[in-house]
Each structure stands twice: as structure tokens, then as C-alpha cells.
Amino acid sequence: MSYMMMASLSAILRNCIPRTVSTHAKQTHVQILIYGLSHHVTLQTDLLLAYSRGILLNARQVFDRMPEPNMHSWNIMISAYVQNSMYHDAISVFHEFLDSGMKPDHYSFPPLLKACAGIGDVLLGVMLHGMVVKLGFENHVVVGSSVLDFYSKCGNLNDARVVFEGLLWKDSVAWNSMISGLAKGGLHMEALSCFRKMLENKAKIDAMTIPTLLSVCGKVGDITKGKEIHGQVLKNTVLYNDTAICNSLIDLYSKCGCLRNAEKIFCSMKNLNLVTWTTMISCYGVHGRGYEALNLFEKMKDSGFKPNSVTLTAILASCSHSGLITRGKKIFDSIRSSYGFEPSVEHYACLVDLLSRFGCFEDALRLINSMKRVKMVPSASVWGALLAGSLVHRNVETGEMAARHLFEMEPKNASNYIALCSIYDSRGMWKDASRVRLKIRRLRLDKTPGCSWISIGGEFHTFYQGNLSFTFDQKTRETLEGVIRIPLLVHSELQSSLLF
């Protein structure tokens, strides 16, 4: 009878899902106490597992009452904390685990490494990697991928590469971690190269791979590779219907200047979420289509979606790019009245950009001063927006004010000094411009030069102003000079025909 009852209670606990934990798990817990089975290790572990899926406080109470938690119980408690992003608690439990004299197994390391990446504890993560090697788990697929993911998320790409190359078998998780790490580290071409190797190794492409790759293509402007990846998506029904992937495709085509393609994907989507609407609104804004962005914003609200902070930033930025001052002010004022939360620093920066971009400096300064009344400190983005507007309108007074704050907040940002210098140059204030340039030299500041690039035969060619060191650049210059001469010849021929 006792065995049958125990088996029945164990089955109920193991089949508990998150939404039934509060009822089924608690009722089963009562039955365990009534029948005097609380001392049974299997039921203790099952009860801990059930509570860990929904009521973490109860799970910890059950765990603390266990006289001698087994390996499975320790792993359940650590994983539960990690799944709820309570990384410090997970690491605290791990230290208790080590103090008990037990050694971690291959189930212990993945959540612990995720916790280290979550809080940026590189030292502990490296120590865990050492334990992985010492205990012989480095060739375990899940453990090896977790070590790789830890190094990738912490930006330690050299160690990530070593771990990746050392994996005997690379699954989709490992490839995704490596690609994501390279993309996050700004090594976009290496990320695309890694993807090519992934395809050569016949690794399965999943919903985690595509968004990262599309983001990389958007950043480097590689529309050809983006379309190739889009083609891979179209071949797979699951990927084609994935909302996150479609959102990434919209963003890709927008960044590459293909707004019509972005619109087609948006209109073809069956499951739109708030990110979808926000992405499309942002696309219209970037392309200077402010009225379309506003119409889509209203359509989104009519469809039952409530804008969040990111959506409101997107629509305010759209108003800024199109000079829709009245509509921008109205939306900003509605943040508090209609949506029930205070405008963020990003919202203030967007409106300051809108006002200063079109010469409304008094309104922009009044808005910045109003931030103090709500105990908000103007950020570098706010002062940067004012400085950019001052540069457009050659306004020395507001430009100096914005630059003064930016020099304090970002003393190593050369762009701010160059912007102020340009304002002085535009006004013929040569002494002031020279003073700023001297300061740039004294601080040894370097500005990353702007560049253009083009993809030919899968190879990217980058161009910097005045850089003629490459043969390709020389050929390009000669071709450009030839193109420039053509209209001059046509113009001279027309003049000759008119004279005669």
C-alpha cells in the first residue's frame, strides 16, 4: 500500500506543469505529510522538482529541510535559480554544494556557466572551466557548448575559439554561440565565415542562428548574403513562420535601403507582435517616411497593442527625421497621460533632437531644464542631440553649452570636439577652432574615420577618404574621373552645336 501510494504521488509531482504547481504540488505535499512519507528521498526530490517549476520559495524550503540532499537535488536547486535569473543565489548554492564535499557532474556545469555569464563573473567561470577539464567533461556536447557560450558572452573570443576548435562534435548550439560571440564582438565578417563553415559541416540551422546572421548582414550592408539567408528561411516552414526571424528580415531590408521588401514581409506576416510593429515603425522613420510611421502607429493601437518605451522611442525618432514637431510634442506629452509611465531619457533625447534639428533651441533648452523637475539627469544622448542641432544651424551659444556638458561626460569622445570645432569654423571663429583642435591633440584623441564599402565576388572593399593605397581604389578613382568627364563633354558639344 505504501509503495503504491508513493508511486502515485511521485507520478503526480513529476507531471506537474508550471500553471498547476500551486494546486497539484501543494495538494500532493499535504498527502505526503498525511501518509508520513516526507522522509522518503525520491518524494523529497520530486517535490523539490515540482516546486522549482513555479514556487521557488517553497522549493528552497523543501531543499533546506532535506537532511542530505543528493546530487539531483543540488542540480535542481541551482537550475531553478538560474532559470529565474537569480544568478547570485545559484552561485551561493554551488558554494554550499562544494562545502558538502560533493563533486559536480555534467548536469551541474551548464546552469552555473550561464550564471557566471549573466553576472559577468569571469574568474568563477574560468575556474569552472578548469573543473570541467579536471573531471573529464570537456568532450561532453552540452558542457562543452556551455563553456563556449560563457566565453562568447563575456567577450573572451580567443578562449571561445580554442574551446570551439577543441569540440569533437559541434551541434547547432555550439555554432550559434560562436557566431553570436563573433557578431557581438564586432567581427562581422568572421561571423559570416563561421556560418559558411556551419553549412559546410551540414549543421542544422535553427531559429537561434538566423536573427544573429541577419543582424550582421544589416550592419555590414551585405544585402546579397542577407537574401541568401532569406532563401534558406523560405525553404523551411518552421523558420518562415517564426516571428523573430521575420522581424529580423524587416530590419535587414530596412538597413540595406530595401523598404519595399521590408513592407512585403510585414504585410505577409500572420503573427505580429509588438516588436514587429516597432521595427516597421522604425523602418519608416529611418527612411524619412514620418507620416507612414504615424499611420502605422495608430493602426498598431487599433489592433490592440499598447506601445512600450521602445515603440515610443521609435515613433518619436520618426517624427524627428521628418520634422513633425507638433505630432512629436503630442506623442511625448501622451506618454505620461495615455500610457501611465514617465518619459525615459531616450524619449527626451528624441524630442530634443527634433526641436534642435529644426532650430527650436528655446523649446529644446526648456525641455532639458524640465528634466531636473522629475529628478532626471540629462544624458550624453540629450546633450549630443542639442550639439548636433547647433551644428546644423551654426548656433555657437547652444553648441558651446552642449559641448561643455559632453566634455565632462565623455572626455575621450573625439566627435564632440570635432562638432564644436565645425561650428566655430562655420562662423569664421578661427582662434576658437584652433583652441579646440589643440585640445584634441593634447588629449591624443582619435576619431574613427567614416568609410564606404562594396562587396564584389564575396569580398568586401573598404574606402577611406584620401586613401589610394590599394589598386582597387586607384581603378575606382580613374573610373569616377571618367564618369565625371562625360557630362562635361556632352555639355561642351551642346554649346558647340548651339553656336553653329
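If you're wondering where the values come from, they're calculated on a predicted model, not measured in any experiment.

### Here we look at the overall build of the protein chain
Part 1 of the argument: For the protein chain, the count of helices and strands is 28 helices and 2 strands.
Part 2 of the argument: A total of 500 residues make up the protein chain; the buried ones form 43% of that total.
Part 3 of the argument: Within the protein chain, contacts between residues separated by at least 24 positions form 56% of all contacts whose residues are at least 6 apart in sequence.
Part 4 of the argument: Carbon and sulfur atoms make up 56% of the accessible area of the protein chain, which totals about 27500 Å².

### What about unusual backbone geometry?
Part 1 of the argument: Residue Ser85 is not a glycine yet carries a positive backbone phi of 60°.
Part 2 of the argument: Structurally, Ser85 is set in the loop between helix H5 (71–83) and helix H6 (87–99).
Part 3 of the argument: Owing to a relative accessible area of 48%, Ser85 belongs among the partly exposed residues under this scheme.
Part 4 of the argument: For Lys202, which is not glycine, the phi torsion reads 60° and is therefore positive.
Part 5 of the argument: For Lys202, the position within the fold is in the loop between helix H12 (188–200) and helix H13 (209–220).
Part 6 of the argument: Exposure remark for Lys202: the relative accessible area of 71% places this residue in the exposed category.

### What about the environment of Leu252?
Part 1 of the argument: One can find Leu252 in helix H16 (residues 243–255).
Part 2 of the argument: On the basis of relative accessibility, which here comes to 0%, the residue Leu252 falls in the buried class.
Part 3 of the argument: Leu252 sits 36 residues away from Val216 along the chain, and the two C-alpha atoms are 8.8 Å apart.
Part 4 of the argument: When sequence neighbours within four positions are dropped, the list of residues in contact with Leu252 reads Leu214, Cys217, Gly218 and Gly226.

### A look at the packing of H16 against helix H17 (residues 259–268)
A packed helix pair is summarised by two numbers, namely the angle formed by the two axes and the spacing between the axes.
Part 1 of the argument: At a minimum axis separation of 7 Å, H16 and H17 run at an interaxial angle of 165°. In terms of axis orientation, H16 runs roughly antiparallel to H17. Note that H16 runs across H17; the crossing there is left-handed. Listed contacts from H17 to Cys246, Leu249, Ile250, Tyr253 and Ser254 of H16 are Leu259, Asn261, Ala262, Ile265 and Phe266.
Part 2 of the argument: Residue classes in the contact of H16 with H17 are distributed as 8 nonpolar, 2 polar and no charged.

The rules behind each value
- Residues numbered from 1 in each chain as written.
- Predicted model: local features only at pLDDT ≥ 70, side-chain atom pairs only at ≥ 80, totals over all residues.
- Heavy atoms only, no water.
- Helix = DSSP H or I, 4+ residues; strand = E, 2+ residues; numbered from the N terminus.
- Buried < 20%, exposed > 50% of the residue type's maximum accessible area, 1.4 Å probe, protein only.
- Contact = heavy atoms within 4.5 Å.
- Areas by Shrake-Rupley, 256 points an atom, 1.4 Å probe, with all protein chains shown as cover.
- Axes fitted to C-alpha atoms, helices over the stretch in contact; angles between N-to-C directions.
- Parallel < 35°, antiparallel > 145°, perpendicular 65-115°, else oblique.
- Left-handed = near helix turned anticlockwise from the far one by under 90°.
- Nonpolar A, V, L, I, M, F, W, Y, C, P; charged D, E, K, R; others polar.

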